[in-house]
Amino acid sequence: MFLVAVILILQEILEAALLLSVLLAVNQQMGPHLAGTRKLTLHWYAAAIVTGIFGAALFAWAMPTVSEWFDYAGQEVINALMHLVVIGGLYTHCLLLQTNARQTPGPHIGAGVALIVVITLSITREGAEIFLYINGIMGTPTAVTPALLGAGLAGGIGISAGILLYYSLVGFSRVVTLRIGLVLLALFAGNMAAQTILLLTQADWMPYTPQLWDTTGLLTEYSVTGQLLYALIGYEATPSLAQAVSYVAAMLLLASTPLFRQSWR
Amino acid sequence: MRSIRQFLLLGALAVLTLFSFIAALRGYQSSMQEAETLFDTQLLDLSQLVANLDVGRVNNDFRLGNNLAFQVWEQQSLLGASHQAPAIDMTPRVQGFDFANFDGYRWRTYARFDEDQNRWIMVAERTDLRFVLAENVVLETVLPILLGIPVTGLLIWLIVSKGLKPLIQLSADLQQKPAHDLTPLQPRETPRELVPVVNAVNGMIQRLGAALEREKRLSADAAHELRTPIAALKIQLHNLAQEVDAHSDSFQQLEQGVERMGHLVEQLMALYRTSPERFDEACVELDLHALAQEVVARWYPLFDAKQQTLELLGDRCLLRGDPFALETLLANLLSNASKYTPEQGRVQVSVLRNADARVEMVVQDNGPGIAAADANHIFERFYRSEHGSHSVPGCGLGLTIVQHVAELHHAEVSVGPSDFGSGAAFRVVFPLQDPR
């Protein structure tokens, strides 16, 4: 039970922690140093995290009803929809940070709202799974202690990895941080797109496409390294053709923003 | 990096947590494997024990415990079994370990053939119970690691705070150092890493002191060098007035130019004398009303010459300040008032405590007043209004000096309409001071 709790919760926490770290690091390097950009204050992040936690509790509470939607494919479809909104939010955030900051003084509201949407939905999606798992465990008294210990261990690993990624990123020069951070955001968007395809395929909303490769022998997704790579770059041992195509398309979408192009100029 | 303390605390805690938790995870996995081996060895020992049992005396009620089961077969005849054991072979007749499902649970089994007695001995242990037992034992070692993290965090915070103490102390020493104090820093305890910083700051203070000394000498020399030729120029002008037409435009302009030059030198000297470096040592307790009385008496002839009325209102008002600087402040306000107020005009000085018990000095006149466009600029250095003040002699430093002296005393200076219907009122409000 302990190991199951570690793997399940690590999968959820790591993805949200790493996304938050990259967004924080990228925004930290904004401001007068890159033409037409302005950084957002920590209040935006705090608001997004709190909203995300409430959202996760609400989504977990409504899960039995949501699951019955769309011919009992509600959970997959709603999760896929959230993934798509996160990709859109990431694109809007990167776009508005760069383009409109020149014309409007003060913190950029549009970019801030997009940031809140991205973080809130990411935490809602991942957090709901944790709430459901812990709620399920509470019915088995012998499993509670190992599960909570596993949750604590996974939480510690996820948050620590996020903190170290943030400090590693801001330790570089501004240009390098922005380059690495924006590439990671593009990879994250790719990961979201690939997951969307997987969820829609599971919900029978999309046809199965051929599997491109199988690297389970080299690195399974269920190891700690596999989990870390899954959260960071969307590592998948057995991706389908549609997943790969959507992954590349989402990456290109993020790479098309002026902010991304300027950071590589 | 916003905070060194935050970076060190979070960074150290994150590294420690990440590696100790991953180590705990690896430890858990290997300990669970070890526990499996241990349980298998116990099962093997159990099979030996069962082989030595007098199975003829064992009936189906024989209990080893809920988690263990056994069977003893002689060819197809079941000689003895525990109560959970099925009626058929619990595991294939192959020597070694295996898994099997019976009695509603999954079991780890071991089968051996006893050649001496020509019997199959089969023993089994419930996997769920042995997993829970193993996990509980292993988690006992994980729990202290998990609980230790908050304690470790607290200890790291204390260590980081202790380590940063000399840096914080140095920062406080620098902040508390008065503006005129140019003595080197002498921290009580300087760690090796901070010695270059203290040396660099002390070197900078030394260079600053030398630069200020040079500036002081330069100002004194400049004053001497400029005052003497200006005085000589004035004498030459006086002599020239005997030889040429002293009422000619050229002569008048020459005379005004020399006057302006003399005034500019005096104002520049006043600006230097009221520098922050010298302020603290020049500060004394004084009666602002008495000081105003002296200045008004000294400047009275100027007002009298223009037939202007000069009044002084108020009463004794004690405060701490630099008497010379405050005299300069009031002299500049009076000079301005006299210059901009027409002949037979009215100028009033008041030194009072206002409703907030703060000392307030107001100089107001019934002159033309300050144009709205000028109000935001009149305190700037060398600013001269374009609204008809070109005929009034001045260098544009008077109100800058007023503001400078007010700032030194942490006072607020403002300009507004006077109470006389027309004209300007300059108001200097001093902060409340602790009674000494």
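Residues numbered from 1 in each chain as written. Chains lettered and ligands numbered in written order. Predicted model: local features only at pLDDT ≥ 70, side-chain atom pairs only at ≥ 80, totals over all residues.

Concerning the overall build of chain B
Short version of the rule: A run of DSSP states H or I qualifies as a helix once it reaches four residues; a run of E qualifies as a strand once it reaches two. Both are numbered from the N-terminal end. Every C-beta atom is placed from the backbone, and the number of other C-beta atoms within 10 Å of a residue's own sets its class: buried at 20 or more, exposed at 12 or fewer, partly exposed in between.
Counting secondary structure elements, chain B contains nine helices and twelve strands. Taking all 436 residues of chain B together, the buried fraction comes to 24%.

Considering unusual backbone geometry
Residues and elements named next belong to chain B. If you check the backbone angles, Gln344 has positive phi at about 65° while not being a glycine. Structurally, Gln344 can be placed in the loop between helix H7 (323-340) and strand E9 (346-353). On the neighbour-count criterion, Gln344 (10 C-beta atoms within 10 Å) is exposed. Of note in the backbone geometry, Ala357 takes a positive phi value of approximately 65° without being a glycine. For Ala357, the location among the structural elements is in the loop between E9 and strand E10 (359-365).

Digging into the confidence of the model for chain A
Residue and element names in this part refer to chain A. Note the following rule: Scored from 0 to 100, pLDDT reflects the predictor's confidence in each residue. Contact between two residues is assigned whenever their backbone-derived C-beta positions fall within 7 Å.
Mean pLDDT over chain A works out to 85, with 92% of the residues at or above the 70 mark. Model confidence for chain A, summarised as mean pLDDT per element, is weakest for helix H7 (residues 224-233) at 77 and strongest for helix H8 (residues 241-255) at 93. In the model, residues 32-36 has pLDDT below 50 throughout and makes six contacts with residues more than four positions away in sequence or in other chains.

Some points on the sheet that holds strand E2 (residues 77-81) of chain B
All names here are of chain B. For clarity, the cut-off: The pairing criterion for strands is at least two bridges between them, as found by DSSP. The axes used here are C-alpha line fits, helices contributing only the stretch in contact, and every angle between their N-to-C directions lies in the interval 0 to 180 degrees.
Spatially, the five strands line up as an open sheet ordered E2-E1-E5-E4-E3, and their pairing is antiparallel. Of all strands in the sheet, those with a lone pairing partner are E2 and strand E3 (96-102), marking the two edges. Strand-to-strand twist of the sheet, defined as the mean angle between neighbouring strand axes without regard to direction, takes the value 30°. In this sheet, strand E5 (residues 119-126) lies alongside strand E4 (residues 105-114) in antiparallel orientation, the contact comprising eight bridges. The residue of E5 that forms the bridge with Arg112 is Ile121.

Some points on the packing of helix H6 (residues 174-202) of chain A against H8(A)
All names here are of chain A. Rule in force here: The hand of a helix crossing depends on one turn: near helix anticlockwise from the far one by less than a right angle means left-handed, and clockwise means right-handed. When residue character is reported, Ala, Val, Leu, Ile, Met, Phe, Trp, Tyr, Cys and Pro are called nonpolar, Asp, Glu, Lys and Arg charged, and the others, Gly included, polar.
Contact geometry for H6 and H8: axes closest at 7 Å, N-to-C directions at 145°. In this structure, H6 crosses over H8, and the sense of that crossing is right-handed. Across the interface between the two elements, Leu185, Ala186, Leu187, Ala189, Gly190, Met192, Ala193, Ala194, Thr196, Ile197 and Leu198 from H6 touch Ala242, Gln243, Ser246, Tyr247, Val248, Ala249, Ala250, Met251, Leu253, Leu254 and Ala255 from H8. Residue composition of the contact of H6 with H8, grouped by class: 18 nonpolar, four polar and no charged.

So, the interface of chain A and chain B
With 15 residues of chain A in contact, the opposing surface of chain B contributes 19 residues. For the side of chain A that touches chain B, the elements supplying multiple residues, two or more each, are helix H1 (2-28) and helix H5 (141-171) of chain A. For the side of chain A that touches chain B, the element with the highest residue contribution is H5(A), accounting for twelve residues. For the side of chain A that touches chain B, the residue count by class is eleven nonpolar, four polar and no charged.

Looking at the environment of B:Met90
Residues and elements named next belong to chain B. Structurally, Met90 can be placed in the loop between E2 and E3. In this structure the C-alpha to C-alpha distance between Met90 and Phe102, which are twelve residues apart in sequence, comes to 7.5 Å. Setting aside anything within four residues of it in sequence, one finds Met90 in contact with Ala69, Gln71, Ala85, Ala100, Phe102, Thr109, Met122 and Ala124.

Thoughts on the environment of B:Leu68
Residues and elements named next belong to chain B. Take Leu68: it is sitting in strand E1 (residues 68-74). Overall, the presence of 20 C-beta atoms within 10 Å leaves Leu68 in the buried class. Taking the C-alpha atoms as reference points, Leu68 and Leu129, separated by 61 residues in sequence, lie 9.9 Å from one another. Every residue in contact with Leu68, bar those within four places of it in the chain, is listed here: Leu46, Ser82 and Glu125.

Details of the sheet that holds strand E12 (residues 424-429) of chain B
Residue and element names in this part refer to chain B. With respect to topology, five strands assemble into an open sheet ordered E7-E9-E10-E12-E11, the strand pairing being mixed. With partners counted over all chains shown, the strands left at the sheet margins are strand E7 (309-314) and strand E11 (412-417), one partner each. Neighbour-to-neighbour, the strand axes of the sheet open up by a mean angle of 15°, direction not taken into account. With six bridges joining them, E11 and E12 adopt antiparallel strand pairing. Bridged to Pro417 within E12 is Ala424. The strands touched by helix H6 (residues 288-305) within the sheet are E7, E9 and E10, with E7 carrying the most contacts at an inclination of about 175°.

Regarding the pairing of E3(B)
Successive residues of a regular strand alternate their side chains across the two faces of the sheet. Residues and elements named next belong to chain B. The pairing of E3 with E4 spans seven bridges and is antiparallel. Note on E4: the bridge partner recorded for Asp98 is Thr109. Adjacent in sequence and paired antiparallel, E3 and E4 are bridged by two residues, among which Asp103 carries a positive phi angle near 55°.

Description of the nonpolar core
One recurring pattern in soluble globular proteins is that nonpolar side chains are buried together. Formally: As used throughout, a nonpolar core is a set of buried Ala, Val, Leu, Ile, Met, Phe, Trp, Tyr and Cys residues joined through C-beta atoms within 7 Å of each other.
In terms of nonpolar packing, the biggest core is built from 89 residues, with A:Leu185, A:Ala189 and A:Leu254 touching the most fellow members. In terms of residues, this core owes the most to one element, H1(A), which gives 17 residues. Those residues in contact with A:Ala189 that lie beyond four places of it in its chain are A:Ile87, A:Leu90, A:Ala250, A:Met251, A:Leu253 and A:Leu254. Membership of the second largest hydrophobic core comes to 36 residues, among which are B:Val349, B:Ile370, B:Leu408 and B:Ala424.

Here we look at H7(A)
Residue and element names in this part refer to chain A. Inclusion rule: Each direction from the helix axis to a C-beta atom contributes to the arc, which is the arc of those directions.
What H7 keeps buried is the set Gly226, Gln227, Tyr230 and Ala231. Viewed along the axis of H7, the buried residues span an arc of 130°, placing them on a single side of the element. Packed against the buried residues of H7 are H1. A positive backbone phi angle near 75° is found at Gly234, which sits one or two residues after H7.

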